[in-house]
Structures are given as C-alpha cells and as structure tokens.
Amino acid sequence: MHVTNLLLEEPIRMASILEPPKNNLSAMTKIVGTLGPKSRSVDVISGCLKAGMSVARFDFSWGDAEYHQETLENLKTSVKSTKKLCAVMLDTVGPELQVVNKSEKSIALKAESLVVLTPDQGQEATSDLLPINYDGLAKTMIRKKDDNLDVPLYPSTVVFVVPMWLCCPKLHDSVQAVKKGDTIFLGQYLFTGSETTSVWLEVSEVKEVDVVCTVKNAAVLSGSLFTLHVSQIHIDLPTLTDKDKEVISTWGVRNDIDFLSLSYTRHAEDVRQAREFLSTLGQLSQTQIFAKIENIEGLTHFDEILEEADGIILSRGNLGIDLPPEKVFLFQKAALYKCNMAGKPAVVTRVVDSMTDNLRPTRAEATDVANAVLDGTDAILLGAETLRGLYPIETISTVRRICAEAEKVFNQDLYFKKTSKYVGEPMSHLESIASSAVRAAIKTKASVIIVFTSTGKAARLIAKYRPTMPVISVVVPRLITNQLKWTFTGAFEARQSLIVRNLFPMLADPRHPADSTSGSNETVLKVAVEHGKAAGVIKSHDRVVVCQKVGDSSVVKIIELEE
Ligand SMILES: Nc1ncnc2c1ncn2[C@@H]1O[C@H](COP(=O)(O)OP(=O)(O)O)[C@@H](O)[C@H]1O
Ligand SMILES: C=C(OP(=O)(O)O)C(=O)O
Ligand SMILES: [K+]
Ligand SMILES: [Mg+2]
C-alpha cells in the first residue's frame, strides 16, 4: 500500500539532514519584526532587513506616537540604504486589561497573600493593591443582546470547552462579573517571554468595585505595564478604542500604514467596524486588516472573522493562556488550514521566546517554527525577541533559516491536491490560470514564477497554491482619479504582498503602463527578469513561468532564458 506522509515531501532521505545549511538561504515564509527599544537604530533595523524581516510591527500597547515615529523614520532610512522593501503594521491596544505601574518600582507578590484589583486608577500599584484600566471586572453589566453570540461557530475539527457565558444565550443580556474561584493571569509574560515575572491569581471575593484575589505563585513584577488576562468573562470594551482611533487617524494616516493588526478581534462585526473607520481616512481605505485572534471568544467566531478580514494573526501568547495547553496545536492546525483554503495570509506569533535572552532557540522552539511552516503559515511574528531582546538580528536569521529548511521538504504535491479539491469545480478563470501556472512551474522545474498584477489578486492566487519556487509579483501601477487629482496605485499592493508566503513584489515603472495590448509588457518582463537575476533567484538558461494578460486572455507561458 502506498502511504503518503502528510507533511514531508517524499522520498524522505535521512542523509539530506546532514547536508550543510546554506547560511544565506532566503525563505519564502515572511518574518514580521516588532520594533522597540532594542531594535530602533538605523544599524539594527538595517541588520533586521538584511536578515529577512519584511514587515515592521509597531505595537501601540506601549510607547507614544512620537517614539514610534522616530523608529519609523529610522526604518525608512534603513529601507533606502539596504534597498530591502518593508511594510508597516500598526498593532492596536484594543480591549487589553492593563495595570499601570507609574513609579516603575518592582512589586513583590508572595504566594497565598491577598491582592486587590481596583478600577481606581488614581491609586499607586503596590503588592496589596493593583489599579486596572477597566471597571467591569467586579460588576454585572446590562448590555445589548449580541446576536453573534448565539451561534457558536467552531472550526469543524476542533472541540473546545467553551466558558458558560459563551454557550448560553440567556446570559448574553448581561456581562458577567468574575466570581469566587475564577482565575486571572497577570504579568509581563506577554512582553518579556519570562514566566518568573508573571502570576496566577484566584478570585477570593468580589467587594463592590474591587476584586480580592489570592496570589497562587510568588513573583516579582517589574516594569511600567502589566497585562491582565481573564478568560471567564467578556471584556465589555470596544475592539477599536478611542485611543486606537486617534492613533490610526494621526500616526496611521501620516505613515500610510499597510496593515492594521486588530488586537482581540472577537466578532466579524469588529472587523467591519474597523473597515468602516479606515474608509473615512483617505488612503487608509487601502490598509489591510489582520484580525488578531487571542481568546476563546475570537476562536469561536473564527469562520465569520476570516470572511471579513484580509488576514489572521494567531496570537498564541494570549490564546495560550486562554486554551488548555493540549489544545493549542489543534487551534494552530485548524486555523492555518482555514486561512490557506481561503487564500488569506496567516501569521503565527510567539515562536522563539527564549531567544529574547539567548543566542540559540530551544529544540522545542526550533521544531515549532518548522512545524508552523509545514502547517501552512505565511509569516512568523517576533515580539519580545526583536522588541526588547538581546539578539534581534540573530533571531530573525535563525527563524529564516529554519523556515527555509522546512519549505524544502513541504509536501507541495499533497497541498496542491488538497487546495484544488477544496475549491471544487468549476473553478474561476483566474484561479484555474493561477493554479496552472504553479503546476507548469513545478513540472518544468522553473526557477521562478513571474506574475503581472495590479490589484494583487492574481499574485495572491498563485501564492495560494504554495509553489516550491519564489513568485515575483510585478505590480503594474494604475492611474486613478478621485476627481480632484490623479494618483498611481500600486505601492500598497506591492508592500502588502510582503506578508504573503512566496511573494516577492516589484513595482513596475508607471511610464510603462503594461496595457496588455502593447509591447510594453515585454519591456516590463525584461525588467522583472533582471530584478530576479540581481536578487539571485534567476540564472542564465533558467526556465521562468510567466502569468499575464495578452490581449483579452490571461495566459501562462514558459520561457527559456538565454543570457
Ligand atoms: N498590467 C498587466 N499587464 C499584463 N497582464 C496583467 C496586468 N495586470 C494583470 N494582468 C494579468 O491579468 C490576469 C487577471 O488579472 P486581474 O484579475 O486584473 O488581476 P489583478 O487583480 O491581480 O490585477 C492575470 O493573468 C494577471 O497576471
Ligand atoms: C503577539 C501577541 O501579543 P502582543 O500583542 O501582546 O505581543 C501574542 O499574544 O501572541
Ligand atoms: K497590542
Ligand atoms: Mg498578546
């Protein structure tokens, strides 16, 4: 009986494991780096770009707009000098529960002692009292009935134990307060990757607006900000807060952000509202929304969120607290499968926490990165490792090398079949052309696929079939008008492909508008081939598969290069 290995391409040769790794091996999986204290100088950012970062994330959970602007100016300088493209992602604060420690003095919590969580933010944080930015922990609030909650939509293969308030429609009229015995997670874990600075609390008593908790493990909280994670209740704060809106409409607009990472997305409606907001902000109507799934509430509405969003971030740090540990892998596999089949980019977080302080990942972490690639992720997001870690550049290189090795053995054949079967027949014209381009490239051992695209759709469809070779997406600008002025499109589309596995964008010169009827297509193609040669992915005499429009029809052609 012929058995096909689910993940690895066959034949599996043990000897290949011993082949020396190529250090400069570029990966098709993308790397998102969070920029912060340890990664904001031109030198370090340039190093990050050369090491393989193609999206820079700015996390507004901490730091003000001015701080992030300085970092962004340095990113722009680095992009110019390294000639490496980089997209910009703004990560919102959202309904994140926070303890602000104004004095920044460290706070020692003893096991079995009591600590009070209070919404009175005028108070100073101490080991007896922790002020938080939310007044809904202790009280039951009446709120509008939310229809979305009535239909728990689980990924079909995943069975979870869902908290009572989520499954029982009758409870939806009110937001539940925490109650005796509930657990609350508090700490810096989410930022630092270090377990010793975080603490589990158990609710002992709810006293008017305060929540009295028993400390379950000793910890020393240090820094200016700790996040709280309460799984049992719905946090009645908007997903896009007023502060987020203000940051997006100032910092975001000023910098033409490519991606909005929508923290704590819990419903499809969250994405719709964010989209509506962006549409009022000129150019930002082109910004893509990546829904960050970080709790069970978001997981329960995964399918409808995926339908609305442009991409998904699997926020494993927070979700890892909400889910029992034995369920985390299942969420990853189910969510990545759904994103892949929808042809929407997926991003996995929290892979090499230990590299925040160390030059080498643990074996578990290294294997985890490779498994994320085999499971189908488009990108890996680094948080604390690049933000405040000691080795931001080395971390990116390490992750890139692991991704590249995993891609080499990715079972493309099986993946291709699975994807075509899922789409079914009849396939749309464009998708059948895109998948044929991938098939042709593999059969003819082409070194790259070159796709002409203006909206980016054709390129994304090719990437959906995960070819074994890079895809150069030649974004051809279109001249558009809003009746006040003429502008070229293309910049957003090109940068937004920097988060899609396989895609390497190139912006075509608008002076050669490749209108499929003219010979200028040929000129643009020549430039693309030169670009591929300069990037080292095309050599003389290579075969190249091209997907473009000739006249009215989309065609796939195979060309043999001479020089
Ligand atoms: N400027 C262009 N010149 C030649 N072919 C193009 C151009 N733009 C798109 N194509 C090709 O046209 C086909 C359909 O494109 P379309 O649906 O417009 O894609 P996209 O939305 O990516 O521009 C694809 O085969 C694509 O490669
Ligand atoms: C990326 C994550 O969160 P944060 O935005 O807190 O870094 C995460 O929880 O995985
Ligand atoms: K955030
Ligand atoms: Mg988080």
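Look up a bit, the structure's there.
Source: prediction; values computed, not measured.

Comments concerning the packing of helix α15 (residues 429-443) against helix α16 (residues 457-464)
Between α15 and α16, the shortest axis-to-axis distance is 8 Å and the interhelical angle comes to 50°. Taken as axis vectors, α15 and α16 run oblique relative to one another. Crossing hand, α15 versus α16: right-handed. Residues Leu 430, Glu 431, Ala 434, Ala 437 and Val 438 of α15 form the contact with α16, whose participating residues are Lys 457, Ala 458, Leu 461, Ile 462 and Lys 464. Residues belonging to the contact of α15 with α16 are distributed by class as follows: seven nonpolar, no polar and three charged.

Notes on the coordination of the potassium ion (ligand 3)
Binding of the potassium ion (ligand 3) to the protein goes through Asp 59 (OD), Ser 61 (OG), Asp 91 (OD) and Thr 92 (O), at separations of 2.6 to 2.8 Å. Motif for the potassium ion (ligand 3), donor spacing along one chain: D-x1-S-x29-D-T.

A word on the site of ligand 1
Phe 452, Thr 453, Ser 454, Thr 455 and Ala 458 are the nearest of the 16 residues found near ligand 1. Within the side chain of Thr 453, an N or O atom sits 2.3 Å from an oxygen atom of ligand 1. Here an oxygen atom of ligand 1 sits 3.2 Å away from a polar atom, N or O, in the side chain of Ser 554. Isolated, ligand 1 exposes 530 Å² of accessible area, and the fraction of that covered by the protein chains is 86%. Elements with a contribution of two residues or more to the shell around ligand 1: β20 (448-453), α16 and β25 (543-550). Of the residues contributing to the shell around ligand 1, the split by class is seven nonpolar, seven polar and two charged.

Quick word on the side chain of Asp 244
Looking at the element boundaries, Asp 244 is found in helix α5 (residues 242-254). Of the buried charged residues, Asp 244 lacks a salt bridge, with Lys 243 as the closest side chain of opposite charge at 6.1 Å. At a separation of 3.0 Å, a polar atom in the side chain of Asp 244 contacts the side chain of Thr 241. Excluding residues that lie within four positions of it along the chain, Asp 244 makes contacts with Thr 92, Val 93, Gly 94 and Thr 239.

Calculation criteria
Sequence positions are assigned chain by chain, starting from 1 and proceeding in written order. Written order decides the labels, with chains lettered from A and ligands numbered from 1. pLDDT decides what is reported in this predicted model: residues at 70 or higher carry local features, side-chain atom pairs at 80 or more are listed and counted, and totals for whole chains, interfaces and linings draw on all residues regardless. Think of the side-chain values as coming from all heavy atoms in the structure, minus any hydrogens and water. Note on definitions: angles span 0 to 180 degrees between N-to-C directions of axes, and those axes are lines fitted to C-alpha atoms, for helices only across the stretch in contact. Strands are runs of DSSP state E lasting at least two residues, helices are runs of H or I lasting at least four, and both sets are numbered from the N terminus onward. Note on angle classes: values under 35 degrees are labelled roughly parallel, values over 145 roughly antiparallel, values of 65 to 115 roughly perpendicular, and the remainder oblique. Left-handed describes a crossing whose near helix is turned anticlockwise from the far helix by less than a right angle; the clockwise case is right-handed. We call two residues contacting when some pair of their heavy atoms lies within 4.5 Å. Residues are grouped as follows: Ala, Val, Leu, Ile, Met, Phe, Trp, Tyr, Cys and Pro are nonpolar; Asp, Glu, Lys and Arg are charged; every other residue, Gly included, is polar. For Na, K and Ca the donor cut-off is 3.2 Å; for every other metal, N, O and S atoms count as donors within 2.8 Å. Water does not enter the count, which can leave sites looking incomplete. Near, as used in this document, describes a residue that has one of its heavy atoms within 4 Å of the molecule or strand being considered. Throughout this description, a polar contact denotes any pair of N or O atoms lying within 3.5 Å of each other; where both atoms belong to protein, one of them has to be capable of donating a hydrogen while the other can accept it, and for residues adjacent in sequence the pair is counted only when both atoms sit in side chains. Where accessible areas are quoted, they stem from the Shrake-Rupley method and a 1.4 Å probe; at the residue level, only the protein chains shown are allowed to cover. Three exposure classes are used, based on accessible area relative to the maximum for each residue type with a 1.4 Å probe and protein chains only: buried under 20%, partly exposed in between, and exposed over 50%. His is not counted, nor are the chain ends, whereas Lys and Arg count as positive and Asp and Glu as negative. For this document, the term salt bridge refers to a Lys or Arg side-chain nitrogen within 4 Å of an Asp or Glu carboxyl oxygen.

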